[in-house]
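Here is how the chains run, residue by residue.
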Amino acid sequence: WSNEGKLEEWAIQSVFARLNYNFKERYLFEANMRYDGTSRISSENRWGIFPSFSAGWRISQEEFMKNISWINNLKIRASWGTLGNINNVGNYDYFQNYNLGSDYNFNDEAVKGILESKPANLGLGWETVALTDFGVDIDLFDNKLSIVADYYIKNTSDILLGYNVPVETGIWSAPSQNIGKVKNTGFEMALTYRGNVGDLKYTVTGNIATNKNKVVDL
């Protein structure tokens, strides 16, 4: 007969705040703040603050654009924001992990034992993504043609990974650590045309995207 069981639990708690500002549909601003906490990280680093900001200028609403009838909408925008991630760690990685099933030799006899299979890491923190974006939205010719274009820079830092150690240490599982940085840059553009033939309305959309990925540190 054998009997075994397992119980795991974890929690996350978040607080959100948002501020919007709109002046005459021309100047747009938004600020957000996340305050996230998780049980997967020790109390010293448990909470993280992740702000984000965006701003837009609807140039088509300016007085000097009123006589340009073929431009229905022209907006430029920029944003920067951060987010936290803890999905790559276990529920108890800031505790020592112990495993049964390790036999020891005492007086030439095999004796069941316990070993530390994964050391604790009290220094674990949030993996952070910081995204910067510059974009433009354009609607032309009575909104028949729309163009959306973006250039982005995405930096991921303090990436949570298991750090491999030599087997001679007796550690079975790779300790979780914040040990990586990755940078992504790219350009995205989508074009949409809306038309009709008699009563038949149709929409044609095309898009193009590039992405450059670089491992900055590992």
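Heads up: the structure comes first, above all this text.
Okay, so let's go over this structure. Bear in mind the structure is a predicted one, so any value in this text is a computation, not a measurement.

## A look at the pattern of salt bridges
Thinking step 1. Taken as a whole and judged by the stated rule, the model has 10 salt bridges.
Thinking step 2. The partner of Arg 26 in a salt bridge is Glu 63, with the nearest N and O atoms 3.9 Å apart. Here Arg 26, found in the loop between β1 (12–23) and β2 (27–38), pairs with Glu 63, found in the loop between β3 (47–58) and β4 (71–85); they are 37 residues apart in sequence, far enough to count as distant.
Thinking step 3. A residue is classified by how much of its surface remains accessible, and Arg 26, at 18% relative accessible area, is buried.
Thinking step 4. Taking the shortest distance from any N to any O, the salt bridge between Asp 133 and Arg 77 comes out at 3.5 Å. Residue Asp 133 is found in strand β7 (residues 127–140), and its partner Arg 77 is found in strand β4; the two are separated by 56 residues along the sequence.
Thinking step 5. Looking at Asp 133, the relative accessible area reads 13%, which means it is buried.

## Things to note about the side chain of Ser 60
Thinking step 1. You can see Ser 60 is positioned in the loop between β3 and β4.
Thinking step 2. Relative accessible area serves as the criterion here: at 9%, Ser 60 is assigned to the buried category.
Thinking step 3. Here the side chain of Ser 60 touches Leu 74 through a polar contact of 3.1 Å, landing on its backbone nitrogen.
Thinking step 4. Among residues more than four places away in sequence, those in contact with Ser 60 are Met 65, Asn 72, Asn 73 and Leu 74.

## A word on the pairing of β7
Thinking step 1. By the bridge criterion, 14 bridges tie β4 to β7 in an arrangement that is antiparallel. Bridging from a neighbouring strand, Arg 77 pairs with Gly 135 of β7.
Thinking step 2. In this structure, β7 lies alongside strand β8 (residues 145–162), joined through 13 bridges in antiparallel fashion. When the sheet's bridge partners are listed, Leu 131 is paired in β8 with Lys 154.

## Describing the side chain of Asn 184
Thinking step 1. With respect to the secondary-structure elements, Asn 184 resides in strand β9 (residues 176–197).
Thinking step 2. Discounting residues that sit within four places of it in the chain, Asn 184 has contacts with Tyr 152, Ile 153, Lys 154, Asn 211, Lys 212 and Asn 213.

## Topic: the layout of surface pockets
Thinking step 1. Computed from the structure, the largest pocket encloses a volume of approximately 320 Å³.
Thinking step 2. If you go around the largest pocket, you meet 20 residues; those closest to its centre are Asn 32, Ser 52, Gly 81, Thr 82 and Leu 83.
Thinking step 3. Of all the secondary-structure elements, those providing two or more residues to the lining of the largest pocket are β1, β2, β3, β4 and β7.
Thinking step 4. The biggest single contributor to the lining of the largest pocket is β4, with 5 residues.
Thinking step 5. Class assignment for the residues of the lining of the largest pocket results in 9 nonpolar, 6 polar and 5 charged.

## Overview of the nonpolar core
Thinking step 1. One finds Ile 41, Phe 50, Ile 86, Val 89, Leu 124, Trp 126 and Leu 160 forming the largest nonpolar core, which totals 7 residues.
Thinking step 2. Among residues more than four places away in sequence, those in contact with Ile 41 are Arg 46, Ile 86, Tyr 94, Leu 124, Gly 125 and Trp 126.
Thinking step 3. Among the nonpolar cores identified, the runner-up in size contains 5 residues, and Ile 59, Met 65, Ile 71 and Leu 140 belong to it.

Conventions and cut-offs
- Residues numbered from 1 in each chain as written.
- Predicted model: local features only at pLDDT ≥ 70, side-chain atom pairs only at ≥ 80, totals over all residues.
- Heavy atoms only, no water.
- Salt bridge = Lys/Arg side-chain N within 4 Å of Asp/Glu carboxyl O.
- Helix = DSSP H or I, 4+ residues; strand = E, 2+ residues; numbered from the N terminus.
- Buried < 20%, exposed > 50% of the residue type's maximum accessible area, 1.4 Å probe, protein only.
- Polar contact = N/O pair within 3.5 Å; in protein donor to acceptor, adjacent residues only side chain to side chain.
- Contact = heavy atoms within 4.5 Å.
- Pairing = 2+ DSSP bridges.
- 1 Å grid on protein atoms, 1.4 Å probe; cavity = no way out; pocket = protein on both sides within 12 Å on 5 of 7 lines; lining within 4 Å.
- Points joined across faces, edges and corners; volume = space filled by probe spheres on them.
- Nonpolar A, V, L, I, M, F, W, Y, C, P; charged D, E, K, R; others polar.
- Core = buried A, V, L, I, M, F, W, Y, C linked by side-chain atoms within 4.5 Å.

Nothing here speaks to function; it is geometry throughout.
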